Amino acid sequence: MTTDRFRQHSSHWGAFSARMKNGRLDVRSFDQDPDPSPLLANIPAAIDHPARLKRPLVRRGWLENGPGPDPRRGEDGYVEMDWDAALDMAAAELRRLGAGPDLPQTGTLPGANVFGGSYGWSSAGRFHHAQSQVHRFLNTVFGGYVASVDTYSTGAGSVILSLVWGSAPKLTRDHPYWRELKDDTELLISFGGLPMRNLAVSSGGNSQHVARSVLDAAASRGCEFVSVSPLADDAADVGNVTRIAPRPATDTALMLGMAYRLHATGRVDRDYLDRYTTGYERFEAYLTGAQDGVAKTPEWAADICGVPAKTIADLADRAAEKRTLISVTYSLQRSENGEQPVWMALTLASMLGQSGLPGAGFCYGFGSIGNIGKEQLGVPLPTLPQGRNRVGDFIPVARISELLLNPGKSYTYKGETRTYADIRLVYWAGGNPFHHHQDLSKLRAAFAKPDTIIMHDSVATASTRHADLVFPATITAEREDIGASGNDPFLHAMEPLVDRGADGANGPRDDYEIFSALSERLGCAPTFTEGRSAHEWMASLYETTRAALADCGMAAPDYETFREGGVVRLPVREEDGLIRRFHRDPVANPLETPSGKIEIWSDVVAGAGLPGHPAWLPPEEWLGAPKAASHPFQLVANQPAHRLHSQLDFGETSMAGKTAGREQARLNPEDAARLGVLDGDVIRLWNDRGSVLAAAKVSEAIAPGIVQLATGAWYAPVDLPGVGLTCVNGNPNAVTSDRGASALSQGCAGQLALVSVEKWLAEAPDVVPHAAFATAEKRH
């Protein structure tokens, strides 16, 4: 491949162009991006890092003893295989489990024992999207699979909003919040802050990082900002910012105190509540204490959240006096009872009665994903059809350990009683469950249960160390694709940036190539490939968008022209979204809720055993809980600033955020002094679930009693003398809880946990380098 021309490409954290120069990828940000992400600097390390997988791998225990549950997963050795041998072996196992062209048309399908959740963000491309590829493959060869619903980011919040407001993904991407913030909002109250690190990223790409310029413009206009977070740097550094630091997990109590102040001062908009909501009178009985004898006053709230009552009352007054937008980040609902702060924020905004005004009302996820709140696109995007999943079974995404450990066990979801399937095969492509999931010791035990685990990945991780067959996948820089994302106004040709290396066909392959080869062996290739090469598929997918552009009177190049570095500007939708239409006429444009209105009381929620209205429900792991006497620190395991999830943890930006290769844990100077901890010291965080080492970073941005350790360090458990199994690299999910947020949502509750913290006095063990995950012996 020539190296003189910059080639167009895209990622979840921004579009860019690149060329090889002196043996290294030279990356330049997209010229129409006003604030490019520093995560782009992680990309060059992906090309030839020693963690890259080069050959198919088979776990020795599976090779010698055959399929079946095996506690050696995670510790066993691996044998390199050639492609044909590995594909033949995988196809034979899939055939044993029922895969093939002659599937039953009625009754139980073999896919009922296959888990294909495959949660991951492996590529910004629309065709080489690993999750779509594996779903299409499993639908083809097994007739379907046990799927996963919701996300680790927003399980509890999306579930509650689907019942009381409507589809959160649809509504949050259906309204121009950023434009209205710039032009109209007078007060933005951000529960969970407005962290710039999260706004850098959006699934499928974020071509224009507009947050900083919009916030600056709004501040110049006089807009005021309130960040409600125990982390001071969760708020962007713009003018007119008030920072309020409640105890983690107590935002619902703070909002209830604000709501009581609105009630007590006669500032509740009852006309709005009557027209657009249902159930307020039952919530009001709880708010005032008529229901339980406890008025939810600012003073009551202050005792719980640690914020002075006057601050709470003053914030309510400010909200009533100004055009106010109330925003809730995903972080608030990643905890036990995480539905409540989201529902309560919607209720608080409804009490203010401003949601029909530009720049006011309620927004969910603003500050969590970069493209939320941007203009909706006016044309469809290229999308790979996945086929039909005829199995129809699913789990909430964060229940994977429970699924594998407890086949046949009942659980509840959205008021419905369901049963965990008996999973014999896990097929995962393009994700790292040993990053996303919580209580990793429990996940290790769960991954010992299936007969077989097959994974595709470009690098070796803790997850691939638990697989039986590992297929090395290409990275996005090695293949052609189409970059696009909802609410992002550009379509990008993703050109190959580098050759596949000296290994050629013997090295990593595209997921599509792997699945095509398996489909051929199983007699299912015509259905899976439809006779198309990867290039022909992309040309077909692109045509959908090109034709829609033509219908709008906009010229777009044909695919062959586009793929040579093309960037196509996409139109935004001109008509109002559902939020605006609902407020114009709630009868003609109802919400997707049982009543068609905002539901402040929900029969479905009440039927699931929770209060039927927003309520303060103390979690088991918060600083006011009895458990805090044993583990007195609140761990905040939030999104990292230096990478996306665990992706490219070995990249330049990611490694710059570590100390001697170990993830940093931040704590308040008062806590550090009491523990005798200085910057760079190794500290241990632990509780009944596990133990993790991190490098201390003393910071005034962290409230007392809090320790913040971002997710994403590669899980490396080592048996340390006197303390047992400990992740030496700094993955907080060694100690987080696998408890579902509630029986309603079963959402991820991994943001918060109670831990103890101590200075590590012995000689600190070395971190496990990324390259060490990729070791294997060659087959002779």
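Before reading on, note that the structure itself is shown above.
Residues numbered from 1 in each chain as written. Predicted model: local features only at pLDDT ≥ 70, side-chain atom pairs only at ≥ 80, totals over all residues. Heavy atoms only, no water.

**Remarks on the overall build of the protein**
Looking only at helices and strands, the protein has 25 helices and 33 strands in total. Its C-alpha atoms give the protein a radius of gyration of 26 Å, near enough to 28 Å, the size a compact globule of 780 residues would have. With respect to the principal axes defined by its C-alpha atoms, the protein has extents near 80 × 70 × 60 Å. Across the 780 residues in the protein, those meeting the buried criterion constitute 62%. Restricting the contact set of the protein to residue pairs at least 6 apart, pairs at least 24 apart contribute 75%. When the accessible surface of the protein is summed, it comes to about 27000 Å², and 48% of that surface belongs to carbon and sulfur atoms. Averaging the locations of the 75 positively and 92 negatively charged side chains of the protein gives two centres separated by 1 Å. (Helix = DSSP H or I, 4+ residues; strand = E, 2+ residues; numbered from the N terminus. Rg over C-alpha atoms; globule rule 2.2 N^0.38 Å. Buried < 20%, exposed > 50% of the residue type's maximum accessible area, 1.4 Å probe, protein only. Contact = heavy atoms within 4.5 Å. Areas by Shrake-Rupley, 256 points an atom, 1.4 Å probe, with all protein chains shown as cover. Lys, Arg positive; Asp, Glu negative; His and termini not counted. Charge placed at Lys NZ, Arg CZ, Asp CG, Glu CD.)

**Focus: the sheet that holds strand E3 (residues 24-29)**
Taken together, the three strands give an open sheet; going across it, the order is E1-E2-E3, and neighbouring strands pair in antiparallel fashion. Each edge of the sheet is formed by a strand with only one pairing partner; in this case those strands are strand E1 (7-11) and E3. On average, each strand axis in the sheet is inclined to that of its neighbour by 40°, with strand direction left out of account. (Pairing = 2+ DSSP bridges. Axes fitted to C-alpha atoms, helices over the stretch in contact; angles between N-to-C directions.)

**Digging into the pattern of salt bridges**
Side chains that differ in charge, positive against negative, can pair when their charged atoms come close. By the definition in use, this model includes 59 salt bridges. Residues Arg 739 and Glu 336 are paired through a salt bridge, measuring 3.7 Å at the closest nitrogen-oxygen approach. Here Arg 739 is found in the loop between strand E31 (724-727) and strand E32 (752-759), whereas its partner Glu 336 is found in the loop between strand E12 (324-328) and helix H14 (339-352), with 403 residues between them in sequence. When its relative accessible area of 27% is taken as the criterion, Arg 739 is described as partly exposed. (Salt bridge = Lys/Arg side-chain N within 4 Å of Asp/Glu carboxyl O.)

**Structural notes on the side chain of Ser 401**
As for its position among the elements, Ser 401 is in helix H15 (residues 400-405). Judged by its relative accessible area of 0%, Ser 401 falls in the buried class. Among residues more than four places away in sequence, those in contact with Ser 401 are His 437, Lys 442, Leu 443, Ala 446 and Asp 738.

**A short note on the sheet that holds E12**
Strand order in the open sheet formed by five strands is E10-E9-E8-E12-E13, and the pairing between neighbours is parallel. Edge positions in the sheet fall to strand E10 (241-244) and strand E13 (361-364), since each has one partner strand and no second. Recorded for the sheet is a direction-independent mean angle of 15° between the axes of neighbouring strands. Bridge analysis of E12 against E13 gives four bridges, and the strand direction is parallel. Note on E13: the bridge partner recorded for Leu 325 is Gly 361.

**Considering the pairing of strand E30 (residues 717-720)**
Where E30 and E31 come together, four bridges link them in antiparallel fashion. In the strand pairing of E31, Pro 717 is matched with Cys 727. If you look at the hairpin formed by E30 and E31, you'll find three residues sitting between the two strands, and Gly 722 has a positive phi there, around 85°.

**Examining helix H9 (residues 251-264)**
The first and last C-alpha atoms of H9 sit 20 Å apart over 14 residues, in line with the 20 Å expected at 1.5 Å per residue. Counted residue by residue, H9 has 10 buried out of 14 residues, so it is predominantly covered. When H9 is considered as a whole, its buried residues turn out to be Asp 251, Thr 252, Ala 253, Leu 254, Met 255, Leu 256, Gly 257, Met 258, Ala 259 and Leu 262. Following H9 by one or two positions, Gly 266 adopts a phi angle in the positive range, close to 70°. (Expected span 1.5 Å × (residues − 1).)

**Observations regarding the packing of aromatic side chains**
To describe a pair of aromatic rings, one takes the distance between the centres and the angle between the planes. Taken as a whole and assessed by the stated rule, the structure comprises 29 aromatic pairs. Here the aromatic residues Phe 127, Phe 137, Tyr 427, Tyr 512, Phe 515, Phe 528 and Trp 537 are joined through ring pairs into a cluster of three or more. The positively charged end of Arg 282 is found above the aromatic ring belonging to Trp 601, 3.6 Å away from the centroid. Here Arg 532 stacks its cationic end above the ring of Trp 537, 4.5 Å away from the centre of that ring. (Phe/Tyr/Trp six-rings, centres within 6.5 Å; stacked < 30°, edge-to-face > 60°. Lys NZ or Arg CZ within 6 Å of the ring centre and 35° of its normal.)

**Some thoughts on unusual backbone geometry**
With a phi close to 65°, Asp 150 is a non-glycine residue in the positive phi region. Here Asp 150 shows up in the loop between strand E7 (147-149) and helix H4 (155-164). By relative accessible area, Asp 150 is classed as partly exposed at 27%.

**Here we look at the pairing of strand E28 (residues 690-698)**
For E28, the buried fraction is high: seven of the nine residues fall into the buried class. Here strand E27 (residues 682-687) folds back onto E28, and the loop between the two strands holds two residues.

**What about the environment of Arg 739?**
Placed 255 residues apart in sequence, Arg 739 and Ala 484 show a C-alpha to C-alpha distance of 35 Å. Filtering out sequence-adjacent residues up to four positions away, Arg 739 remains in contact with Glu 336, Arg 399, Glu 620, Glu 621, Gly 747 and Ala 749. Engagement of the side chain of Arg 739 in a polar contact is seen with the side chain of Glu 620, the distance being 2.9 Å. (Polar contact = N/O pair within 3.5 Å; in protein donor to acceptor, adjacent residues only side chain to side chain.)

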